[in-house]
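# Remarks on the overall topology
Below, each chain spelled out in residue letters.
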Amino acid sequence: MTPHTTPMPKIKILLTGSAGFIGFHLAQLLIKENYEVVGLDSINAYYDINLKYGRLKECGIQQEELSYGKIIQSTTHTNYRFIQLQLEDKAALEKLFAEEQFTHVCNLAAQAGVRYSLENPDAYISSNVTGFMHLLECCRHNTIQHLVYASTSSVYGLNTAMPLSEHMAADHPMTLYAATKKANEMMAHSYSHLFQLPTTGLRFFTVYGPWGRPDMALFLFTDAILNDKPINVFNYGNMVRDFTYVADIVESVKRCIFKPAIANENWDSNTPDPSSSSAPYRIFNIGHSTPVKLNTYIEAVEKALDKKAIQNLLPMQLGDVPETNADVSELIQHVNYKPATSVEDGVRKFVDWYNTYYAI
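Here's what I pulled together on the structure shown here. Remember, predicted model here, so these are calculated numbers, not experimental data.

Cut-offs used in this document
Residues numbered from 1 in each chain as written. Predicted model: local features only at pLDDT ≥ 70, side-chain atom pairs only at ≥ 80, totals over all residues. Heavy atoms only, no water. Salt bridge = Lys/Arg side-chain N within 4 Å of Asp/Glu carboxyl O. Helix = DSSP H or I, 4+ residues; strand = E, 2+ residues; numbered from the N terminus. Core = buried A, V, L, I, M, F, W, Y, C linked by side-chain atoms within 4.5 Å. Buried < 20%, exposed > 50% of the residue type's maximum accessible area, 1.4 Å probe, protein only. Contact = heavy atoms within 4.5 Å. Pairing = 2+ DSSP bridges. Axes fitted to C-alpha atoms, helices over the stretch in contact; angles between N-to-C directions. Lys, Arg positive; Asp, Glu negative; His and termini not counted. Expected span 1.5 Å × (residues − 1). Arc of directions from axis to C-beta. Phe/Tyr/Trp six-rings, centres within 6.5 Å; stacked < 30°, edge-to-face > 60°.

Right, let's get into the pattern of salt bridges. According to the stated counting rule, one finds 17 salt bridges in the structure shown. Of the charged contacts, one joins Glu36 and Lys12 as a salt bridge, the two residues approaching to 3.8 Å between their closest N and O atoms. Taken together, the residues Glu36 in strand S2 (residues 36-41) and Lys12 in strand S1 (residues 12-16) connect sequence positions 24 residues apart. A salt bridge links Arg255 to Glu251; its shortest N-O distance comes to 2.7 Å. Placement of the pair is Arg255 and Glu251 together in helix H8 (residues 246-257), with a separation of four residues, close to one helical turn.

Shown next, in the form of structure tokens:
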């Protein structure tokens, strides 16, 4: 007689921003671990669209098959499908949720870039606020077990007490990008409170690694050094950043997805803790927690390339902060994981990818 076994509960994950830098790496990790995943991305032209197509191809999604609103089956992974869609397209998003019956949602879709928000603020409101609102509504009406979403260390803004902790107030963002991410946290809390929707916001600290964005420092530095062009070194190289390798980021995100936020029974409304709530709501930092000077980061790039940079030393940019340093004690306690990849190892892995991808 065959013993009775309880079947494993079905898991189906909607991963937005899956053609993006972090979303691509998370998609690969979830696919490898045999989760059923539907990736979603608008594939906008904020940066080189061919890099996005390249990431999709790595996951078995062919560019020539893409059509807005059409779900494409991966040619290499039976557990991965992809749809090109904008979160602002509420009707199409509602249709997708109704048809697919997701159990978990991870939102990494957003208009990226801190400084671009000074040039095109409307794009940030449309994608990061309106789009996120549509996602919250779909989660509310489709009994989603957990919504995990990307926030940013930029929400700490003018805060200078280091290390930066989720228990600190983060009420002084310096850019509209950061303000929209802070808005996401507040919007999520309202849905957690009103509808008992478990939500977890993740504040990423300076993510880097293979397949990274061309507008980010590591990509810009590598390209310029290889082509004997000067690199712009802001704050004369004295900025301090908590550089976090992308594999460490996505491992942390994956673990958070499957550990839904719960209400904090000890939460005190007289002394409200910003990191948790009487609702099923949590905020976590994800950073390496070993910040380094920008000069040290540049030295790692020079070492990996075996070539010195020509440096154009400049003052601090508008909207930049002098230092970031993540307190990740809450993350470690929650998911038993601490990002650990050193800057030297992470930069080397990026350079190896860059040389292969661009056939250097």
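Attention shifts here to the nonpolar core. Ile22, Leu26, Phe204, Val253, Tyr297 and Val347 are the most contacted members of the largest nonpolar core, which totals 76 residues. No other element matches helix H1 (residues 21-32), which puts eight residues into this core. Among all residues touching Val253, those that are not within four sequence positions of it are Leu26, Cys106, Val148, Leu202, Phe204 and Ile286. Counting 26 residues, the second largest nonpolar core, distinct from the first, contains Leu93, Leu135, Cys139 and Leu147.

Read across the open sheet, the eight strands follow the order S3-S4-S2-S1-S5-S6-S7-S12; overall the sheet is mixed. Edge positions in the open sheet fall to strand S3 (71-73) and strand S12 (281-286), since each of these has one partner strand only. Across the sheet, the mean angle from the axis of one strand to that of its neighbour is 20 degrees, orientation sign disregarded. Looking at chain direction, strand S5 (residues 104-107) and strand S6 (residues 146-152) are connected through four bridges and run parallel. Bridging across to S6, Asn107 finds its partner in Tyr149. Helix-sheet contacts for helix H5 (residues 121-141) involve S1, S5 and S6, and the interaxial angle to S6 is about 160 degrees.

Burial along S5 is two-sided: His104 and Cys106 and Val105 and Asn107, pointing in opposite directions, are all buried. The sheet contact formed by S1 and S5 spans four bridges and is parallel. For Ile13, the partnering residue across the bridge sits in S5 and is His104.

Next up on the list: the side chain of Lys181. With respect to the helices, strands and loops of the structure, Lys181 is situated in helix H6 (residues 176-195). Of the side chains with opposite charge, Glu185 comes closest to the buried, unpaired Lys181, at an N-O distance of 8.8 Å. If sequence neighbours within four positions are ignored, Lys181 has contacts with Ala110, Ala150, Ser151, Thr152 and Val155.

Once that is clear, we can look at helix H11 (residues 343-357). Given a rise of 1.5 Å per residue, 15 residues ought to cover 21 Å, and the 21 Å separating the end C-alpha atoms of H11 matches this to within 8%. Turning to H11, its buried residues are Val343, Gly346, Val347, Phe350, Val351, Trp353 and Tyr354. Taken around the axis of H11, the buried residues stretch over an arc of 160 degrees, which confines them to a single face. The secondary structure elements touched by the buried residues of H11 are helix H2 (49-58), strand S8 (207-208), helix H7 (217-226), strand S11 (244-245), strand S13 (292-293) and helix H9 (294-305).

Attention now moves to the packing of aromatic side chains. Per the stated rule, a full pass over the model turns up 27 aromatic pairs. Measuring from centroid to centroid gives 5.7 Å for Tyr208 and Tyr245, while their planes differ by 65 degrees, and the two rings are edge-to-face. Here Tyr245 lies in strand S11 and Tyr208 lies in strand S8, a separation of 37 residues in the sequence. Per residue, the accessibility class of Tyr208 equals that of Tyr245, and both read buried. Relative to Tyr358, the ring of Tyr357 has its centre 4.8 Å away and its plane inclined at 85 degrees; by these criteria the two rings are edge-to-face. By relative accessible area, Tyr358 is classed as partly exposed at 33%. Members of the aromatic cluster, connected to one another through ring pairs, are Phe24, Trp211, Phe219, Phe350, Trp353, Tyr354, Tyr357 and Tyr358.

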